[in-house]
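# Structural features, examined
Residue-level listing of the chains:
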Amino acid sequence: MRRALMALPAILCLAGAGAADSAASQVARGAYIVNGVAGCGDCHTPHGPKGPIPGKALAGTALFLEPVHPMPVWADHAPRIAGLPDGYTKAQLATLLRTGRKPNGSEPKPPMPQYRMNAQDAAAVAAYLASLKR
Ligand code: HEC
């Protein structure tokens, strides 16, 4: 207990400096989710014979996936999401990733996955995508 109390002033000092750190770590977490977990680039990054085309990460592309069975609804293009998709705020993008709903209340067509991220992860992905150049 005594040791914990002695550490308190140091923790309080760090709290002031923490804002920039936490913004950077939010972006880093978003990068991890986008590139390491959710694979957004599998559909949103143009690919060539050697894989993702350098310099075009998340720039939007025609899809190379096709359904095995005919689907009533299927998108053949995934839009640019680097620098945020057209017409989206960070908050609207986070809502899409939490609820599966676009700002107008409709759902993106498959094969866009219906993500159900928690609020922190959705905000981190939005912060990361907003940090990328358009
Ligand atoms: C399996 C392919 C696939 C993956 C993986 C994928 N997307 Fe998509 N995404 C799509 C397609 C296809 C569309 C276009 C849907 C449409 O036209 O309705 C789309 C649309 C979107 C849109 C635009 C929605 C709108 O308003 O029309 C956003 C934003 C988006 N994706 C973000 C993401 C993010 C962020 C990730 C990763 C966390 C991701 N996507 C992963 C295929 C994918």
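Summary of the structure given here. As the structure is a computational prediction, the values presented were derived from the model and not from experiment. (Residues numbered from 1 in each chain as written. Predicted model: local features only at pLDDT ≥ 70, side-chain atom pairs only at ≥ 80, totals over all residues. Heavy atoms only, no water.)

With that settled, the discussion passes to the side chain of threonine 61. With respect to the helices, strands and loops of the structure, threonine 61 is situated in strand E3 (residues 61-62). Contacts of threonine 61, omitting those with residues within four sequence positions, involve Cys43, His44, Thr45, Pro46, His77 and Ala78. (Helix = DSSP H or I, 4+ residues; strand = E, 2+ residues; numbered from the N terminus. Contact = heavy atoms within 4.5 Å.)

On inspection of all chains with the given rule, the structure shows three salt bridges. The shortest N-O distance in the salt bridge between arginine 29 and aspartate 121 comes to 2.8 Å. With a gap of 92 residues between them, arginine 29 in helix H1 (residues 2-38) and aspartate 121 in helix H4 (residues 119-131) connect regions that are remote in the sequence. Its relative accessible area of 40% is what places arginine 29 among the partly exposed residues. Judged by relative accessible area, which is 16%, aspartate 121 ranks as buried. Between arginine 101 and glutamate 107 there is a salt bridge whose closest N-O contact spans 3.4 Å. You can call arginine 101 partly exposed: its relative accessible area is 39%. (Salt bridge = Lys/Arg side-chain N within 4 Å of Asp/Glu carboxyl O. Buried < 20%, exposed > 50% of the residue type's maximum accessible area, 1.4 Å probe, protein only.)

With that settled, consider the coordination of the iron atom of the ligand. For the iron atom of the ligand, the full set of protein donor atoms is His44 (NE2) and Met112 (SD), at a range of 2.0 to 2.2 Å. Its six donor atoms give the iron atom of the ligand angles of 87 to 179 degrees at the centre, a pattern that matches the octahedral case. In this pair, histidine 44 sits in helix H2 (residues 41-44) while methionine 112 sits in the loop between helix H3 (90-99) and H4, placing the two residues 68 residues apart along the sequence. Residue class for methionine 112 comes out partly exposed when judged on its relative accessible area of 25%. (Donors = N, O, S within 2.8 Å, 3.2 Å for Na, K, Ca; no water. Tetrahedral: all angles 85-135°; square planar, octahedral: opposite > 155°, others 65-115°.)

We now examine the site of the ligand. The environment of the ligand is formed by 25 residues, the closest being Cys40, Cys43, His44, Tyr88 and Met112. In this structure, histidine 44 approaches the ligand through a side-chain N or O atom, which is 2.8 Å from a nitrogen atom. Backbone polar atom of lysine 109 to an oxygen atom of the ligand: 2.8 Å apart, as the coordinates give it. Counting residues per element, the ones that place at least two in the shell around the ligand are H2, strand E4 (77-78) and H3. For the shell around the ligand, the element with the most residues is H3, which contributes three residues. Here the residues of the shell around the ligand are counted per class, giving 20 nonpolar, three polar and two charged. (Near = heavy atom within 4 Å. Polar contact = N/O pair within 3.5 Å; in protein donor to acceptor, adjacent residues only side chain to side chain. Nonpolar A, V, L, I, M, F, W, Y, C, P; charged D, E, K, R; others polar.)

Burial in H3 covers these residues: Leu93, Ala94, Leu96 and Leu97. Buried residues of H3, viewed axially, fall in a sector of 155 degrees; they line one side. (Arc of directions from axis to C-beta.)

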